[in-house]
Amino acid sequence: MAPQKRKCAPAGVALLCTIALAACGGPTVLEGSASRSDEGSQQGPISDLPVNAATAGPSRDAQPLDWAIAGRWRSADEKTRDGARNPRATLSFFGVEPSDTVIELWPGGGWYTSILAPYLATGDGRLVAAHFDPDAYQSEPRARIEARIAEFAARYERRPDLFGTVQMGAFSGRSGQLVARESADVVLTFRNLHNWMAGGYADKAFADAFAALKPGGILGVVEHRLPSSSTQDPLAMTGYVHEDYVKAAAERAGFAFVASSEINANPRDNADHPFGVWTLPPNSRTQDRDGQQPEEFDPAVFVTIGESDRMTLKFQKPLANGTVPLLEDLGTDGGADAP
């Protein structure tokens, strides 16, 4: 059943003009220092092919999501990760439609952005990329992330016919509202919550998303999953998070839990690795920050495991009367497990 979201004309968006990108390769440190993510790769140059170039593949008009995923502007490295990240199934589970206003929190190098932007452009939707907030940093880290965000913006500005208008925003522990209140249809975050826990502003992320969404809007969360039998580190320094932690944080902000999916599950991953989730691909770390490696460490073992086991959770902002449309459609009180 197609998700039911309240649809109305997009409100005006008030955005910060400067934003920042994540550096790659390890756990986030507390806000005020250089932050890191697990993005793992950067995008290549945009193809100069016209949007309607005759190519074998999905139709832009009839199959816009498949067309965006197959896009020739996406690098080979990006497409290699499709099998682990499952973009079609994930975005379909969250119910993202081409006409939506979507906020992507901390898009990193833009792996999902390169799919979302052209997909939304096919239906006059709008993408807001809410990056690291440069105002949360000083000196060299600030200059570095400002330079990287400029590169990110330039990538999409060069091809408005292909990507539409990708609007830029910022999120941090001290940032203002993401967009005009109740103007977004969907807020998405991919493997970022552990960073916000480490920075001490995870609850703010959920509260900001709630404020940004229209009543009936969707929050979609993909995160590295910590087994329920393991103890949750409040700072999530291994990169793994309990599902119950995510659900509780979302519910504190006012969201209703709608459904979970095993789209991005990996049963080979037990979340117990020498260097946390960064031991696994795509980072494949082999040493700690002091250059030390455990005895009998075998990198091939972790390559065999593959990318992390990930939860995929969908939440909805209730309507003004307190009802949750998706739960009514599902005929359940929440917790549905979708394929």
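About the cut-offs
- Residues numbered from 1 in each chain as written.
- Predicted model: local features only at pLDDT ≥ 70, side-chain atom pairs only at ≥ 80, totals over all residues.
- Heavy atoms only, no water.
- Salt bridge = Lys/Arg side-chain N within 4 Å of Asp/Glu carboxyl O.
- Buried < 20%, exposed > 50% of the residue type's maximum accessible area, 1.4 Å probe, protein only.
- Helix = DSSP H or I, 4+ residues; strand = E, 2+ residues; numbered from the N terminus.
- Arc of directions from axis to C-beta.
- Axes fitted to C-alpha atoms, helices over the stretch in contact; angles between N-to-C directions.
- Parallel < 35°, antiparallel > 145°, perpendicular 65-115°, else oblique.
- Left-handed = near helix turned anticlockwise from the far one by under 90°.
- Contact = heavy atoms within 4.5 Å.
- Nonpolar A, V, L, I, M, F, W, Y, C, P; charged D, E, K, R; others polar.
- pLDDT = per-residue confidence, 0-100.
- Pairing = 2+ DSSP bridges.
- Phe/Tyr/Trp six-rings, centres within 6.5 Å; stacked < 30°, edge-to-face > 60°.
- Lys NZ or Arg CZ within 6 Å of the ring centre and 35° of its normal.

Visitor: Quick question: what am I supposed to make of the pattern of salt bridges here?
Guide: Within this structure, the stated rule accounts for 16 salt bridges. The partner of Asp135 in a salt bridge is Arg142, with the nearest N and O atoms 3.1 Å apart. For Asp135, a relative accessible area of 41% corresponds to the partly exposed category. Owing to a relative accessible area of 28%, Arg142 belongs among the partly exposed residues under this scheme. The residue Arg144 makes a salt bridge to Glu140 at a minimum N-O spacing of 3.4 Å. Of this pair, Arg144 and Glu140 both sit in helix α6 (residues 139-157), four residues apart, which is roughly one turn of the helix. Note on Arg144: relative accessible area 25%, which makes it partly exposed. According to the relative accessible area criterion, Glu140 is partly exposed, its value standing at 47%. Salt bridges sharing partners connect three or more residues here, namely Arg225, Glu243, Lys247, Glu262 and Asp309.

Visitor: What is the right way to look at helix α4 (residues 87-94) in this model?
Guide: Helical geometry note: an α-helix holds 3.6 residues per turn, so side chains three or four residues apart project in the same direction. Among the residues of α4, Pro87, Thr90, Leu91, Phe93 and Phe94 are the ones counted as buried. One side of α4 carries all its buried residues, which in axial view fall inside an arc of 155°. Immediately downstream of α4, the backbone of Gly95 shows phi near 75°, a positive value.

Visitor: Sorry if this is basic, but what is going on with the packing of helix α9 (residues 202-212) against helix α10 (residues 243-253) here?
Guide: Packed helices, taken two at a time, are described by the angle between their axes plus the distance between the axes. In the contact formed by α9 and α10, the axes pass within 8 Å of each other and the chain directions differ by 50°. Judged by the inter-axis angle, α9 sits oblique to α10. Regarding α9 and α10, the two cross each other, and that crossing is right-handed. Facing α9, whose interface residues are Ala202, Asp203, Phe206, Ala207 and Phe210, α10 presents Tyr245, Val246, Ala249, Ala250, Arg252 and Ala253. Residue composition of the contact of α9 with α10, by class: nine nonpolar, no polar and two charged.

Visitor: I keep staring at the confidence of the model for the protein and nothing clicks. Help me out?
Guide: In low-pLDDT segments, the atomic positions of the prediction should not be examined closely. Averaged over all residues, the pLDDT of the protein equals 85, while 81% of them reach at least 70. Here residues 6-51 scores under 50 on pLDDT; set against residues more than four positions off or in separate chains, the count is 162 contacts.

Visitor: Quick question: what am I supposed to make of the environment of Asp66 here?
Guide: Summarising the element assignment, Asp66 is placed in helix α1 (residues 64-69). Separated by 49 residues in the primary sequence, Asp66 and Ile115 place their C-alpha atoms 9.3 Å from one another. Beyond its immediate stretch of four places on either side in the chain, Asp66 contacts Pro58 and Arg88.

Visitor: So what exactly am I meant to see when it comes to α10 here?
Guide: Taken together, the buried positions of α10 are Glu243, Val246, Ala249, Ala250 and Ala253. Along the axis of α10, the buried residues cluster in a sector spanning 135°; they form a single face. Exposed side of α10, more than 90 degrees from the buried face: Asp244 and Arg252 are the residues found there. Looking at the packing, one finds that the buried side of α10 touches α8 (193-199), α9, β7 (213-224) and β9 (310-316). Among the residues trailing α10, Gly254 stands out with phi positive, at a value near 115°.

Visitor: Any chance you could explain the environment of Lys247 here in plain terms?
Guide: Checked against the element boundaries, Lys247 lands in helix α10. Residues Lys247 and Leu313, 66 residues apart in the sequence, show an inter-C-alpha distance of 8.3 Å. Not counting the four nearest positions on each side in its chain, Lys247 is found in contact with Phe257, Leu313 and Phe315.

Visitor: Explanation requested: the pairing of β7 in the structure shown.
Guide: For a regular strand, side chains alternate in direction, first toward one face of the sheet and then toward the other. Extensive coverage of β7 is indicated by the burial of 12 of its 12 residues. Bridge analysis of strand β6 (residues 184-190) against β7 gives six bridges, and the strand direction is parallel. Counted as the bridge partner of Thr189 is Val221 from β7. Pairing geometry for β7 and β9, over seven bridges, is antiparallel.

Visitor: Explain the packing of aromatic side chains here, please?
Guide: Working definition: an aromatic ring pair is given by the centre-to-centre distance plus the angle between the planes. Considering all chains together, one arrives at 18 aromatic pairs under this definition. Seen from their ring centres, Phe210 and Phe255 are 5.1 Å apart, and the 85° between their planes marks the pair as edge-to-face. Of this pair, Phe210 sits in helix α9 while Phe255 sits in the loop between α10 and β8 (256-261), placing them 45 residues apart in sequence. A single burial state applies to Phe210 and to Phe255, both of which are buried. Members of the aromatic cluster, joined through ring pairs, are Trp106, Phe132, Tyr137, Phe171, Trp196 and Tyr201. In this arrangement the basic side chain of Lys314 is found over the ring face of Phe93, its NZ or CZ atom lying 4.6 Å from the centre.

Visitor: Got a minute to help me understand the packing of helix α5 (residues 113-121) against α6 in this structure?
Guide: Where α5 meets α6, the closest approach of the two axes is 12 Å, and the angle between their N-to-C directions is 35°. When you trace α5 past α6, the crossing you get is right-handed. Contacts from Thr113, Ser114 and Ala117 of α5 reach α6 at Phe152, Arg155 and Tyr156.

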